[in-house]
Amino acid sequence: MSLKDKLPGQLGFGTAPLGNMFRNIPEAEALATVDAAWEHGVRFFDAAPLYGAGLAEIRLGEALGKRPREEYVLSTKVGRVILDELEDPAQRSFGEKGGLFEHGLRNKIVNDYSADATLRSIEGSLQRLKTDRLDIVWVHDVAQDFFGDEWLMHFESARTGAFRALSRLKDEGVIKGWGLGVNRVEPIELTLALDEPKPDGFLLAGRYTLLDHASALQRVMPMALQHGAGIVVGGPYSSGVLAGGQTFEYQQASPDILARVARLKALAQRFGVSIKAAALQFSLANPAVAAVIPGASRPERIAEDAAALAEKIPAEFWHALRAEQLVAPDAPLPFGA
């Protein structure tokens with residue numbers, strides 16, 4: 001069964017914002033956002049211990065606790081273990097995501113990709129999520145953006161630890177699938193080239209968007225198709241800059257990025273197209289992509305995402321997008337454009 005077959009639809013919900021990413025989100029607002037996702041038909045929810053040191057998982061568990069477990073697909077991540085010990089969130093080192101969750105919980109976060117830590121991480125996630133099972137588990141952030149030149153050392157630890165532990169859990173029927181959850185293409189290429197049991201798919205954040213897709217298009221998407229491994233696209237709005245924000249790659253967007261966004265928005269406006277609709281539908285047009293999981297921290301954003309997915313975009317828009325060289329010349333586009 002492919003990853004696409006394991007998912008209940010093309011639109012999921014990424015819960016990173018619920019971990020108080022960028023701001024201190026009121027509890028009621030966070031829970032209402034999950035409820036809004038449910039009411040708009042979303043049945044795929046993705047979390048991670050990293051998101052607010054367990055806060056996003058706690059909130060997701062609280063919101064989904066009243067829903068029938070068999071009606072939704074739940075994924076989370078391993079590679080970080082949340083301890084009872086406290087630390088100063090501002091002092092954490094998260095590579096290029098530094099400072100993202102300063103408003104989260106103060107529990108200490110330890111990087112550990114070993115088999116034992118993988119099982120402990122899953123146990124902690126189950127408790128926070130108030131559930132007895134996970135559907136999909138991603139190995140989180142084993143890449144350059146977090147570990148710099150040492151990323152291959154951490155990847156090897158994950159290969160001999162987390163990868164094998166998750167393969168066993170899948171073989172035993174404890175989970176339905178596993179893969180990597182990363183912001184870079186190289187760990188995916190390396191994983192697909194291994195002779196060991198292949199993962200079911202990958203969560204690739206920020207690397208297959210309207211703003212940034214050339215690298216993934218060149219190797220990762222063809223490799224994923226060849227191996228029957230689906231891609232879940234995280235961060236389809238490029239950290240918010242395609243949805244009205246000012247952040248790209250979790251930092252203040254550069255003038256060059258803002259200028260490119262302005263061109264995209266001007267073209268979308270000319271054809272009466274929502275930029276959110278263009279972003280989501282572009283990502284989904286690639287045959288390797290199984291789903292997109294935009295994040296949200298306000299209920300009204302969920303309605304916008306659902307509308308964006310359903311919006312009818314004229315083929316002329318996609319032709320113009322290619323003609324103005326705002327997408328790679330070989331990028332698959334909707335409607336056969």
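Placed above this text is the structure.
Residues numbered from 1 in each chain as written. Predicted model: local features only at pLDDT ≥ 70, side-chain atom pairs only at ≥ 80, totals over all residues. Heavy atoms only, no water.

A. Looking closely at helix α9 (residues 214-227). In a regular helix each residue adds 1.5 Å, so 14 residues correspond to 20 Å; α9 covers 20 Å between its end C-alpha atoms and thus fits that length. The largest bend along α9 reaches roughly 35 degrees and is located at Val220, with the proline Pro222 sitting one to four residues downstream. Of the positions making up α9, those classed as buried are Ala216, Leu217, Val220, Met221, Met223 and Ala224. In this fold, the buried residues of α9 make contact with α8 (186-192), β8 (201-205), β9 (230-234) and β12 (289-293). Remark: Gly228 follows α9 within two positions and exhibits a positive phi of approximately 65 degrees. (Helix = DSSP H or I, 4+ residues; strand = E, 2+ residues; numbered from the N terminus. Expected span 1.5 Å × (residues − 1). Bend = angle between axes of the 7 residues up to and from the residue. Buried < 20%, exposed > 50% of the residue type's maximum accessible area, 1.4 Å probe, protein only. Contact = heavy atoms within 4.5 Å.)

B. Spotlight on the sheet that holds strand β2 (residues 44-46). An order of β1-β2-β3-β6-β7-β8-β9-β12 is seen for the eight strands of this open sheet, with the pairing classed as parallel. What marks the edges here is a single partner per strand, and that holds for β1 (13-14) and β12. The pairing of strand β7 (residues 177-182) with β8 spans four bridges and is classified as parallel. Across the sheet, Gly179 pairs through a bridge with Gly201, a residue of β8. Packing of helix α4 (residues 115-129) onto the sheet brings it into contact with β3 (73-78) and β6 (136-140), and relative to β3 it is tilted by some 135 degrees. Across the face of the sheet, helix α11 (residues 275-285) comes into contact with β9 and β12 while running at roughly 155 degrees to β12. (Pairing = 2+ DSSP bridges. Axes fitted to C-alpha atoms, helices over the stretch in contact; angles between N-to-C directions.)

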